[in-house]
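# Observations on the three-dimensional arrangement
The primary structure of each chain is shown beneath.
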Amino acid sequence: MKKFVQIAFLLIGGALGLVFLPPLYELLHLSSNPWLDNPYVSVALGALLLFTLSFAFSDYFVKLISWMEEVLFKVPIGDLFFGTLGLIMGLIVAYFLGFAIDSVQFPVITEVLPIILSFVLGYLGFRLGFRKRDELIQLFTLRSNNTKKKAAEGAEIQEIRGSYKLLDTSVIIDGRIADISGTGFIEGVLVVPQFVLTELQHIADSSDTLKRTRGRRGLDILRKLQDERKAKVEITDEDFEDVQEVDLKLVRLAKKMGNDTQIVTNDFNLNKVCELHHVKVLNINDLANAVKPVVIPGEDMQVVVIKDGKEHNQGVAYLDDGTMIVVEGGRSYIGQAITVTVTSVLQTSAGRMIFAKPKDD
């Protein structure tokens, strides 16, 4: 690199000598000397002068170039590409604005203003391309309509693209995703971010016995998904270090992966956050509620009152699928199997509640 810098000094010195030494000869009244007022001599003197200076300053230039190399190598290629693209666009705009400025008759404006515009618009273009790289990637990326047909040996093969399901920690620990996936109701590629795996590992290493059991169960569910699922289960290293909350990282990753990406969860709060950010979400509890037997007001059912409720004289019973039944006036029937009449049904993403009263009443 040091030799390269010295050669660059040599060439630049020759060019500067050819341009600036003849006017200097005239200023010093030396232009009458045929040996000095010669382009070859001017090039040789300029090259020799800067080549001599290169021995004193080449080490500093080598350190500067090495530092710039380290900085550029650390910058992601996508950021560098879109920043350079924005810089080029800014310089093109400044170039065309220069034509309009040339029509102005003020010499200072026509000479200075284009240079200022080039610096300002070039810098703004670089910053714009660097900041908006994610949106530009989505703009310039060609997407198919979730399917791509390929001809191979006379047959057509369809490839599903863009259909991704992001799994959060709660749905992995819950375990029902493995059974649902085994039935084939979930299509596309299941994606597990590395930060979700990290959180799952922390739970599995917890000193609390219950948390440790849940974390290990989640890891077993992931292994089961990888072994039994026909489609792919991918683990992505994509992370957002400026965000600490796992839920917000999932939302940002879903936005980055495209509009077809969905988050699979059974977390009620994450469900609401996804709705605020306009991210598609599949709630396992919604699916469980949808496939539960339909219960209508006025229907009779046989239940066992297990405990008293929160309100006065209430009793609580449960169906086989875990649905809670609040029995008005059922406190006196605790431990008994009675027939109740359904009065109303409350269904939300957090679950389903049935309100009933004893049939005798």
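Going by the structure above, here's the rest.
Rules behind the numbers
- Residues numbered from 1 in each chain as written.
- Predicted model: local features only at pLDDT ≥ 70, side-chain atom pairs only at ≥ 80, totals over all residues.
- Heavy atoms only, no water.
- Helix = DSSP H or I, 4+ residues; strand = E, 2+ residues; numbered from the N terminus.
- Buried < 20%, exposed > 50% of the residue type's maximum accessible area, 1.4 Å probe, protein only.
- Contact = heavy atoms within 4.5 Å.
- Areas by Shrake-Rupley, 256 points an atom, 1.4 Å probe, with all protein chains shown as cover.
- Lys, Arg positive; Asp, Glu negative; His and termini not counted.
- Salt bridge = Lys/Arg side-chain N within 4 Å of Asp/Glu carboxyl O.
- Pairing = 2+ DSSP bridges.
- Axes fitted to C-alpha atoms, helices over the stretch in contact; angles between N-to-C directions.

## Describing the overall build of the protein chain
Looking only at helices and strands, one finds twelve helices and 13 strands in the protein chain. For the protein chain, the proportion of its 361 residues judged to be buried stands at 31%. For the protein chain, the share of sequence-separated contacts (at least 6 apart) that also reach a separation of at least 24 residues comes to 60%. Accessible surface computed for the protein chain: about 24000 Å², of which carbon and sulfur atoms make up 61%.

## Some points on the side chain of K165
Within the secondary structure, K165 is located in strand β3 (residues 164–167). Buried charge without a salt bridge: K165, with E187 as the nearest opposite-charge side chain at an N-O distance of 6.5 Å. If near-sequence neighbours (up to four positions away) are discounted, K165 is found in contact with I186, E187, V189, L190, V191, Q262, V264 and L282.

## Digging into the sheet that holds strand β6 (residues 262–265)
Within a sheet, each strand pairs with its neighbour through backbone hydrogen bonds, oriented either parallel or antiparallel. Strand order in this open sheet of five strands is β5-β4-β3-β6-β7, and the pairing throughout is parallel. The open sheet has two edge strands with one neighbour each: β5 (233–236) and β7 (280–283). On average, each strand axis in the sheet is tilted by 30° relative to the strand beside it, whichever way the strands run. Pairing of strand β4 (residues 189–193) with β5 involves four bridges; the strand directions are parallel. Bridge assignment links V192 to a residue of β5, and that residue is I235.

## Let's talk about unusual backbone geometry
Peptide bonds are mostly trans, and most non-glycine residues show a negative phi. The backbone of H278 sits at a positive phi, close to 60°, despite the residue not being glycine. Summarising the element assignment, H278 is placed in the loop between α11 (268–276) and β7. For H278, a relative accessible area of 74% gives the class exposed. In this structure, N313 is a non-glycine residue whose phi angle is positive, near 65°. Within the secondary structure, N313 is located in the loop between β9 (307–308) and β10 (314–318). Exposure remark for N313: the relative accessible area of 33% places this residue in the partly exposed category.

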